[in-house]
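Working through the structure, step by step
Listed here are the chains, written in short residue letters.
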Amino acid sequence: MKNYRITVNGVAYEVSVEEIGAEEMQGTAQQEAAVRPAPAAQPKPAAKKAPAAAGTAGSVKINAPMPGKIVEVKVQPGASVKKGDVAVILEAMKMENEIRVGQDGTIVSVEVSAGDMVEGGSVLVTMD
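All of these numbers come straight from a predicted model, not from anything done at the bench.

1. Looking at the overall build of the protein
Scanning the protein for helices and strands turns up 1 helix and 10 strands. Taken from the N to the C terminus, the helices and strands of the protein come in the order β-β-α-β-β-β-β-β-β-β-β. Excluding contacts between residues fewer than 6 apart, the proportion of contacts in the protein whose partners are at least 24 apart in sequence is 52%. Of the roughly 9,300 Å² of accessible surface on the protein, 54% is carried by carbon and sulfur atoms.

In structure tokens form, the structure reads like this:
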């Protein structure tokens, strides 16, 4: 055991820390791994893609970066958009977040409507 004195906001605390060897650490890690459930798969953020080639309608997907409620949809299918235009307003944790398009293009489909609840990674809009 090693003893340390730690001061936090002017208050001193004495703590003891136990040293463990490499063999003990490996055994502890194996025990923890056996007890811990596997982590849930996290959705990947929307990748920035080059402009779509002809014949690949809806190849660019705009995904929800977090779970929340759709407050307003600002685009319709067939609309031309420029990089940075607001496509959807998503409310998460009582804040309104503007979800913007990442490139110039044309909206192919709108997958959500106002009032919908979405999960992080859900497709909101597809475009060319």
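Next comes the rest of the write-up.
2. So, the pattern of salt bridges
This model, assessed by the stated rule, comprises 3 salt bridges. In this structure, the salt-bridge partner of Arg5 is Glu14, at a minimum N-O distance of 3.0 Å. Comparing Arg5 with Glu14 shows no difference in burial state: the two are exposed. Note that Lys74 and Glu72 form a salt bridge whose closest N and O atoms lie 3.5 Å from each other. In this structure Lys74 comes out as partly exposed when scored by relative accessible area, which is 42%. What makes Glu72 partly exposed here is its relative accessible area of 34%.

Conventions we followed
Residues numbered from 1 in each chain as written. Predicted model: local features only at pLDDT ≥ 70, side-chain atom pairs only at ≥ 80, totals over all residues. Heavy atoms only, no water. Helix = DSSP H or I, 4+ residues; strand = E, 2+ residues; numbered from the N terminus. Contact = heavy atoms within 4.5 Å. Areas by Shrake-Rupley, 256 points an atom, 1.4 Å probe, with all protein chains shown as cover. Salt bridge = Lys/Arg side-chain N within 4 Å of Asp/Glu carboxyl O. Buried < 20%, exposed > 50% of the residue type's maximum accessible area, 1.4 Å probe, protein only.

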